Each structure stands twice: as structure tokens, then as C-alpha cells.
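These are the residues of each chain, in order.
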Amino acid sequence: MKFTPEKPALTGETLASLTEQLRAHGEPAFRARQILDWLYKKRARAWDQMTNLPKPLRTWLAETFDLLPASLVLNKQSEDVTDKLLLELGDRSLIETVIIRAPQEGVGVDHSRKTICISTQVGCAMGCVFCASGLAGLKRDLTAGEIVAQLLHVCYREDERTPRARAELASFDNIVVMGMGEPLANYDNLIRALTIVNAEWGLGFGARRITLSTSGLVPKILRLADEPLGFRLAVSLHGATDEVREKIMPVNKAFPLGKLVPAVKAFSEKHGRMVTLEFILIEDVNDSLTQAGALRDIARDLHAHVNLIPYNTVAGLPWKRPSLTRQEKFADVLRAARVSVTLRREKGHDIDAACGQLRLRTEQERAAAVAG
Ligand code: SAH
Ligand code: SF4
């Protein structure tokens, strides 16, 4: 689904594309770096702040580009760890970007991490039955500029928290592409955005600290394996047999485990880094010890890390997380086989932590306001 904004976003331009447009307008090439430097390093939020640019150039830039295609409408901070930014786009669509600041406690290991979670689409077409993001289907893909803008908003938020020092995006440990949407269904825009995020003239964030999470689009996984920037991969498995997986993830019909697992293997062999298998634990759906055994076998075959995530309840959906005992028993099957596994402990539950829920609620409130 293509969306063409009135004006292209500056945050969607690469150094090359901006240089070319400036050249066509009769400007010297060095202006492109100056402009991107204002945007990403000095954090200018208005054209008039770019004081070393001639006034006529600033006027032309303002007429030609949207400086930032997203504005902050709500910042919800949870007591524990998460900071959720609800952003509004040019067409009033809402997306969310989450900052997770607390230590992520694994089993036996304690990592202190700062992670950013970004969205790639408004809604999602994949239709996983447990997920809030997919409830209303896909509205549209995000543009590259809208994806990059989420990270600039994170920078602004950090700058506010540390007023004296401008926070570098590189001070974060990871960016995970696990917000709303199926990243690999918006492949070209996403790769363009991540190229800008990675570039030294952009946000300067290492590709190896960026994880893409997919519900399992096999041809795109194979394509991703050939990208020059080595992003990490996480696969949302959530079912360790076709029988269980296809009940909750329609994508499994097109790409069953017999296709998905070899594609993930090909990716991980090319990439040389461990892939993560995400497995949400949903009571009486996929939490049996038989599923644990099947998951163990897949993880061993792939030399993959397994991330067990207790299901986060979504209003209006019937699914529940299993009891702690049951979660532990499930994890024990993997641990016993020395599979690398983390059982995620819930963070930010109090502020609608599951993907898509903050946006869903705001959309519902808006609809109610219009109806009333
Ligand atoms: N579309 C991609 C990335 C976004 S979803 C994907 O599916 O991988 C990010 C992760 O959140 C996925 O593993 C997804 O299955 C999981 N998720 C979705 N709804 C959830 C819920 N209610 N509780 C816990 N995890 C959920
Ligand atoms: Fe889309 Fe991922 Fe949600 Fe499935 S889990 S509906 S792929 S966002």
C-alpha cells in the first residue's frame, strides 16, 4: 500500500539523493552534509535554526521538504522501564515507538540494556490472531522518512532527559524492529530507513545492533541475508508444529515450517550470528510440553536463541498467559537440552506494553469521540 505525502520528508533522504536535488537546484554539493548535520547532529527542528544556510536556500528547503513527518502527541512513561512515544503522521495515522531502559533480566544473566522499538507500518496485514496491531488490518506502509523520524523523536526525548549533553543514538544498545507492522512486508522503505540510521552522515547506529523481527516471509528473509548491512534477525515462531502455528498465524499457510526453517538456517549460515526465535506463551494454545520439545528441536537445528514471552493480554481477545509454573516447565525442556533461552519477565505492563495497544486505545477513543 503506497502512501505519497504532499512533500517528501527530509528524514527519508540519503546523502546522495539530497546532494542530487540540491545540485539540480544549483547548490554546491557540500550543502547536503550541512543540512543533514543540522538535522541529525545538531537536532534542528525548524529550517530557520539552520543558520549557516543562506535564507533563499532555507525558503526553498521549506517549500520542498517536510523537515519531520511525525509529531509527538503523547509520551507515556511507565514506573518501571518503558517510555512510549505516540506519534502522529501527516495523514493523522498514529504509530508508536517505545524506549525500554531497564535491565532485561535473562535466566542466569543480567543485561543492562537500553533498547528502542520502532514500527514499520500503520496496522498489519498478517492477521496473527493474538496481536493488537493486526486487529484492524493494514492501513498503509510507513515511508522511509517516517521510520527514521521515530528515531529522531527518541533523540529529542533523550535530549530532554539530559539537557546538558546531547544524547547520541549510539548510546542505545539496540534497535528492534518489533513495533507495529511486518517489517519485511515494507522491505524497500525499511532498508532505506535503516541505511540512513546506520550512515555516518545520518544517525550513525551500527547495523549489527539492529534486529528485524518477522512473522516469517521466506523470500524476504533470503533477500535480507544478501544485504550488505548485516542486520540481526528474530523470527516470530509462536508454534513449533504447523498444526499449532497455522491456527494462530495465517502466514504459516504460505510459508510452513518446512520452508521457514531452511530459510532461517540459510540466513544464519550466511550471517554468522545467532538468530532469535520468539515464542509467545499462550495458555492452552502453544504451551504444552510437546510444543516445548518441538521448539527445542528446531532451536538446536538452527543453533538459535529462544526468547519466551508470556502473552500480554489484549482487550477484546480471549488469550491468556500461562501460570508462572507452566512457563518455567516449558523453559526447562529447552534448558535441559542446553538451548540458549530467556524467559522474558514483563516490563511496562501498566502502560499497554504489548505491541500496538497504546495506538489501538487512542484510535478507539478518537472513534468514540467522533461517534459521540
Ligand atoms: N510483525 C513482526 C514484528 C512486530 S510484532 C513480527 O511479528 O515479528 C513483535 C513481536 O511481538 C512478535 O514476536 C509478536 O508476535 C509479538 N506480539 C504480538 N502481540 C503480542 C502480545 N499480545 N503479547 C506478547 N507479544 C506479542
Ligand atoms: Fe503483524 Fe507481527 Fe502482529 Fe503478526 S505479530 S499481526 S506479523 S505485527
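Scroll up for the structure.
Residues numbered from 1 in each chain as written. Chains lettered and ligands numbered in written order. Predicted model: local features only at pLDDT ≥ 70, side-chain atom pairs only at ≥ 80, totals over all residues. Heavy atoms only, no water.

Caption draft 1: Spotlight on the overall build of the protein. Each helix and strand in the protein was counted, giving twelve helices and 14 strands. A burial count over the protein gives 55% of its 372 residues as buried. Considering only residue pairs separated by 6 or more positions, the protein has 67% of its internal contacts joining residues 24 or more positions apart. Of the roughly 16,300 Å² that the protein leaves accessible, carbon and sulfur atoms contribute 53%. (Helix = DSSP H or I, 4+ residues; strand = E, 2+ residues; numbered from the N terminus. Buried < 20%, exposed > 50% of the residue type's maximum accessible area, 1.4 Å probe, protein only. Contact = heavy atoms within 4.5 Å. Areas by Shrake-Rupley, 256 points an atom, 1.4 Å probe, with all protein chains shown as cover.)

Caption draft 2: Seen up close, the site of ligand 1. Around ligand 1, 19 residues are found, and the nearest of them are G181, S213, S236, H238 and N312. Take S213: an N or O atom from its side chain is 2.6 Å from an oxygen atom of ligand 1. Taking N312, its main chain carries an N or O atom lying 2.9 Å from a nitrogen atom of ligand 1. Protein coverage of the free-state accessible area of ligand 1, which is 530 Å², stands at 92%. Residue composition of the shell around ligand 1, grouped by class: nine nonpolar, eight polar and two charged. (Near = heavy atom within 4 Å. Polar contact = N/O pair within 3.5 Å; in protein donor to acceptor, adjacent residues only side chain to side chain. Nonpolar A, V, L, I, M, F, W, Y, C, P; charged D, E, K, R; others polar.)

Caption draft 3: View of the sheet that holds strand 3 (residues 94-100). Read from one edge of the open sheet, ten strands run 1-2-3-6-9-10-11-12-13-14, paired in mixed fashion. Edge positions in the sheet fall to strand 1 (70-77) and strand 14 (341-343), since each has one partner strand and no second. Each neighbouring strand pair of the sheet contributes to a mean axis angle of 20 degrees, computed without reference to strand direction. Sheet analysis places strand 9 (residues 174-177) next to strand 10 (residues 210-214), joined by three bridges and oriented parallel. The partner of V176 across the bridge, within strand 10, is T211. (Pairing = 2+ DSSP bridges. Axes fitted to C-alpha atoms, helices over the stretch in contact; angles between N-to-C directions.)

Caption draft 4: Representation of the packing of aromatic side chains. In this structure the tally under the stated criterion is two aromatic pairs. Both rings, one in W60 and one in F65, keep their centres 6.2 Å apart while their planes meet at 90 degrees; by these two values the pair is edge-to-face. In terms of burial, W60 and F65 fall into one category: buried. Between the NZ or CZ atom of K114 and the centre of the ring of F172, over which it lies, the distance is 4.4 Å. Against the face of F205 rests R209, its NZ or CZ located 4.4 Å from the ring centre. (Phe/Tyr/Trp six-rings, centres within 6.5 Å; stacked < 30°, edge-to-face > 60°. Lys NZ or Arg CZ within 6 Å of the ring centre and 35° of its normal.)

Caption draft 5: Geometry of the pattern of salt bridges. Within the structure shown, the criterion is met by 22 salt bridges. The salt bridge partner of R43 is D159, with a shortest N-O separation of 2.6 Å. In this pair, R43 sits in the loop between helix 2 (30-41) and helix 3 (55-64) while D159 sits in helix 4 (residues 144-161), placing the two residues 116 residues apart along the sequence. The burial state of R43 is the same as that of D159; both residues are buried. Its salt-bridge partner being E283, residue K320 comes within 3.9 Å of it at the nearest N-O pair. You can see K320 sitting in the loop between strand 13 (305-310) and helix 11 (324-336) and its partner E283 sitting in the loop between strand 12 (276-281) and helix 10 (289-302), a full 37 residues away along the chain. A relative accessible area of 29% places E283 in the partly exposed class. By sharing partners, the salt bridges in this structure join D83, R157 and E160 into a single network. (Salt bridge = Lys/Arg side-chain N within 4 Å of Asp/Glu carboxyl O.)

Caption draft 6: Representation of helix 2. Taking 1.5 Å per residue as the helical rise, helix 2 with its twelve residues ought to reach 16 Å, and the 16 Å between its terminal C-alpha atoms agrees with that figure. Taken together, the buried positions of helix 2 are R31, A32, Q34, I35, L36, W38, L39 and Y40. Where helix 2 is buried, its residues touch helix 1 (15-24), helix 3, helix 4 and helix 5 (187-198). (Expected span 1.5 Å × (residues − 1).)

Caption draft 7: Seen up close, the environment of V261. One can find V261 in helix 9 (residues 257-271). The class of V261 is buried, set by a relative accessible area of 12%. For the pair V261 and I298, spaced 37 residues apart in the sequence, the C-alpha separation amounts to 7.7 Å. Other than its neighbours up to four places away in sequence, V261 contacts I298, D301 and L302.

Caption draft 8: Up close: unusual backbone geometry. One non-glycine residue, H238, adopts positive backbone phi at about 60 degrees. Classification of H238 as buried rests on a relative accessible area of 6%. Here D284, not a glycine, exhibits a phi torsion of approximately 60 degrees, which is positive. Among the structural elements, D284 can be located in the loop between strand 12 and helix 10. Exposure remark for D284: the relative accessible area of 65% places this residue in the exposed category.

Caption draft 9: A look at the nonpolar core. Counting 111 residues, the largest nonpolar core has L169, L277, L295 and L308 as the members making the most contacts within it. Counting residues per element, this core draws most heavily on helix 4, at nine residues. Two domains each donate at least three residues to this core, and these are domain 1 (10-64) and domain 2 (70-371). (Core = buried A, V, L, I, M, F, W, Y, C linked by side-chain atoms within 4.5 Å. Domains from an automatic or database assignment.)

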